[in-house]
Amino acid sequence: SCKPGSLLQEDLVSIEKAATEAALSIQQLLAFARRQALEPRNIEIGSFLANVTQVIRSIVSDGLELVTHFPEIDATIFVDPTQLSQIFTGIADFGNARSQDHGKLRISSEAKNLAVETMIGSVVVPPGDYVSFTFCDDGPSLSNEETENIFEPYYFGGTTTGISGIGLAMVYGA
């Protein structure tokens, strides 16, 4: 039997986290390699956020506090839920690696209404209702090299952190 707090339980939790991370990485690699077709559909935002938060809690290190702020948003969004989950877990994994097992990883959502056409980066966004997500971690700032290469799928930013851009390449394509 496995007693709570025992070394065996701690080992099993570590194994479960490693398996979850490996499965997510393999899923991302396969989707990226085969240029997986998107399957967007309407999903309820509150339910999605509850589910993805559980997955993120299973992959962040014990020393990193996950702080979420998801005000109740009574809305559906039209998106491929698998891709959106991969985006969330990729960003969370990146923040986890950057924070090096301490600090906070904050994720929040906000309903927004754009009354007029708005330029965001190089994209023109038509008027309408949207949901935005914000991710913030206590890790060090990105270097110029990391900023320039962050969306490259096989870029490894820094030899000490082992950070890869593979998860963020998925974000760029969304």
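Residues numbered from 1 in each chain as written. Predicted model: local features only at pLDDT ≥ 70, side-chain atom pairs only at ≥ 80, totals over all residues. Heavy atoms only, no water.

Just checking my understanding: could you explain the nonpolar core for this structure?
Residues Phe48, Ile56, Leu84 and Phe88 are the most contacted members of the largest nonpolar core, which totals 17 residues. Sorting the residues of this core by element identifies helix H2 (45–59), strand S3 (76–79), helix H3 (81–99) and strand S4 (104–114) as the ones contributing at least two each. The greatest single-element share of this core, amounting to five residues, is contributed by H2. With sequence-adjacent residues up to four places away left out, Ile56 is seen in contact with Leu66, Phe88, Thr89, Ala92 and Ile107. (Core = buried A, V, L, I, M, F, W, Y, C linked by side-chain atoms within 4.5 Å. Buried < 20%, exposed > 50% of the residue type's maximum accessible area, 1.4 Å probe, protein only. Helix = DSSP H or I, 4+ residues; strand = E, 2+ residues; numbered from the N terminus. Contact = heavy atoms within 4.5 Å.)

Looking at this structure, I do not really get a nonpolar patch on the surface. What am I missing?
A cluster of nonpolar side chains, Leu8, Leu12 and Ile15, forms an exposed patch at the surface whose accessible area comes to about 290 Å². Mapped onto the secondary structure, Leu12 falls in helix H1 (residues 7–33). Since its relative accessible area comes to 44%, Leu12 is described here as partly exposed. (Patch = residues over 30% accessible without salt bridge, like charges linked within 9 Å, V, L, I, M, F, W, Y side chains within 5 Å. Areas by Shrake-Rupley, 256 points an atom, 1.4 Å probe, with all protein chains shown as cover. Salt bridge = Lys/Arg side-chain N within 4 Å of Asp/Glu carboxyl O.)

Quick question: what am I supposed to make of the pattern of salt bridges here?
Side chains that differ in charge, positive against negative, can pair when their charged atoms come close. Enumeration over the complete set of coordinates arrives at one salt bridge. The salt bridge involving Arg106 is made with Asp138; its shortest N-O contact spans 3.2 Å. Taken together, the residues span a long stretch of sequence, with Arg106 in strand S4 and Asp138 in the loop between strand S7 (128–137) and helix H4 (144–149) at a distance of 32 residues. Asp138 sits in the partly exposed class, given a relative accessible area of 38%.

In this structure, what is going on with the sheet that holds S4? I would like to understand it.
The strands making up a sheet associate through hydrogen bonds between their backbones, and the pairing can be parallel or antiparallel. Here three strands make up an open sheet; going across it, the order is S2-S4-S7 and the pairing mixed. Either end of the sheet is taken by a strand with one partner, and the two such strands are strand S2 (65–69) and S7. If you compare each strand with its neighbour and ignore which way they point, the axes differ by 15 degrees on average. In the sheet, S4 pairs with S7 via ten bridges, with the strands oriented antiparallel. When the bridges of S7 are listed, Leu114 appears paired with Gly128. Set on the sheet, H2 makes contact with S2, S4 and S7; between it and S2 the angle comes to about 175 degrees. (Pairing = 2+ DSSP bridges. Axes fitted to C-alpha atoms, helices over the stretch in contact; angles between N-to-C directions.)

Structural measurements only, silent on function.
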